[in-house]
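If you want the building blocks of each chain, they are given just below.
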Amino acid sequence: MANTYKPEGLILGTPQNRELLASGRSGLERAMSNDIIMESTALLCDKDMNIHVDLRGITGIIPKEEVCLCKDGEEMKDIAVITRVGKPICFKVLSIKEINGRPVAYLSRRAAQMECKRNYISNLIPGDIICSRVTHLEGFGAFVDIGCGIISLLSVDCISVSRFSHPRDRLYCGMVINTVVKSIDEEKDRIFVSMRELLGTWQENADLFAPGQTVAGIIRSVESYGVFVELTPNLAGLAEIRDDIPFLRDGDAVGRLAAVYIKSIIPERMKIKLVLVDAYKGDVASSGLEYFVDCEKISHLHSWRYSPPSCSKIIETVF
């Protein structure tokens, strides 16, 4: 399914949105008459919790009750309003009035979210591949915008197969990613998404390497029996602990960049044996995301098996 309802921030620079904003009142009137969802930047939240929006010289106001689509009986929290300031915000134009001789446009983000939910999100099913944008990171996962500011949870175990300490090791706020709908809780009106199914199987990732190579990785975990080194977001290998690298035992190793020698690759056991050559302290960027699914051409997954056919242990997702 093509996602015509983008996460907030992705409409802002489109030709249509730029033209409507640049056209002043006539552009806003056109958007109102044609029921077009627009985007601009939230400039401030006033004492009455109304959001003021940059409309290129025209005052734009989103009343507090129009900021978010709340569930029945749920009261909107002030934090949901004030955290919009300084960020792109989507809206529909409800009306334009003359106040003290100047035009004031009254806007609704809630109306944009209602349309997005009715025409797009309500039609999603598990396995659909969708565009998402990271809005917030917690230890248990990432919150992502899946359309017009409607939020879904990407839990930490669904970010990748390879272990890591915190979602910030993979993602950052504002990052645009591809995700797949994992499950839908209709009773609680929530959608959960996953990403690991798009980052390649064990074999696809292992095929990027060969025994005898020395490559860079990131130390993600130090256990009594060895050091887990991430080679790609969906692939890690195990190296023996070296007593001549003291920080491996003092808790200062996780997150360090490591040089590792690939000793062997064993698909039947889903193992990569490594030899730790050296490790370096300092800020380490994420090893990056490489999608093994062409998300421009493939819009749905029925199932995904991470483990190789020759491995008795099965790691898979059935949507």
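Residues numbered from 1 in each chain as written. Predicted model: local features only at pLDDT ≥ 70, side-chain atom pairs only at ≥ 80, totals over all residues. Heavy atoms only, no water.

Caption draft 1: How the structure looks around the sheet that holds strand β10 (residues 190-194). Strand order in the closed barrel formed by five strands is β6-β7-β8-β10-β9, and the pairing between neighbours is mixed. The sheet shows a mean angle of 50° between the axes of neighbouring strands, direction not considered. Both strand β6 (residues 129-138) and strand β7 (residues 141-147) contribute to a ladder of five bridges, which runs antiparallel. Paired with Val134 across the two strands is Val144, which belongs to β7. (Pairing = 2+ DSSP bridges. Helix = DSSP H or I, 4+ residues; strand = E, 2+ residues; numbered from the N terminus. Axes fitted to C-alpha atoms, helices over the stretch in contact; angles between N-to-C directions.)

Caption draft 2: The arrangement of the packing of aromatic side chains in detail. All chains considered together, the criterion is met by four aromatic pairs. Where Phe140 meets Phe143, the ring centres are 5.9 Å apart and the plane angle is 85°; that geometry is what we call edge-to-face. For Phe143, a relative accessible area of 25% puts it in the partly exposed group. Over the aromatic face of Tyr106 sits the side chain of Lys97, whose NZ or CZ is 5.4 Å from the ring centroid. Over the ring of Phe228 we find Arg163; its NZ or CZ atom is 4.2 Å from the centre of that ring. (Phe/Tyr/Trp six-rings, centres within 6.5 Å; stacked < 30°, edge-to-face > 60°. Buried < 20%, exposed > 50% of the residue type's maximum accessible area, 1.4 Å probe, protein only. Lys NZ or Arg CZ within 6 Å of the ring centre and 35° of its normal.)

Caption draft 3: Representation of the environment of Gly9 in the model. Relative to the elements of secondary structure, Gly9 occurs in the segment before α1 (15-22). As a C-alpha pair, Gly9 and Thr41 span 32 residues in sequence and 8.9 Å in three-dimensional space.

Caption draft 4: Local environment of the nonpolar core. Membership of the largest hydrophobic core comes to 29 residues, with the highest contact counts inside it found for Ile121, Val134, Leu154, Leu171 and Ile177. Residue assignment for this core shows that the elements contributing at least two residues are α4 (109-119), β6, β7, β8 (150-155), β9 (176-185) and β10. The residues touching Leu171, leaving out its near neighbours within four places in the chain, are Val134, Leu137, Ala142, Leu154, Ile159, Ile177, Met195 and Leu289. Counting 26 residues, the second largest nonpolar core, distinct from the first, contains Val227, Val229, Leu235 and Ile262. (Core = buried A, V, L, I, M, F, W, Y, C linked by side-chain atoms within 4.5 Å. Contact = heavy atoms within 4.5 Å.)

Caption draft 5: Just a positive patch on the surface, in detail. Together, Lys263, Arg269, Lys271, Lys273 and Lys313 make up a positively charged patch on the protein surface. In this structure, Lys313 sits in the loop between β16 (303-305) and β17 (316-318). (Patch = residues over 30% accessible without salt bridge, like charges linked within 9 Å, V, L, I, M, F, W, Y side chains within 5 Å. Areas by Shrake-Rupley, 256 points an atom, 1.4 Å probe, with all protein chains shown as cover. Salt bridge = Lys/Arg side-chain N within 4 Å of Asp/Glu carboxyl O. Lys, Arg positive; Asp, Glu negative; His and termini not counted. Charge placed at Lys NZ, Arg CZ, Asp CG, Glu CD.)

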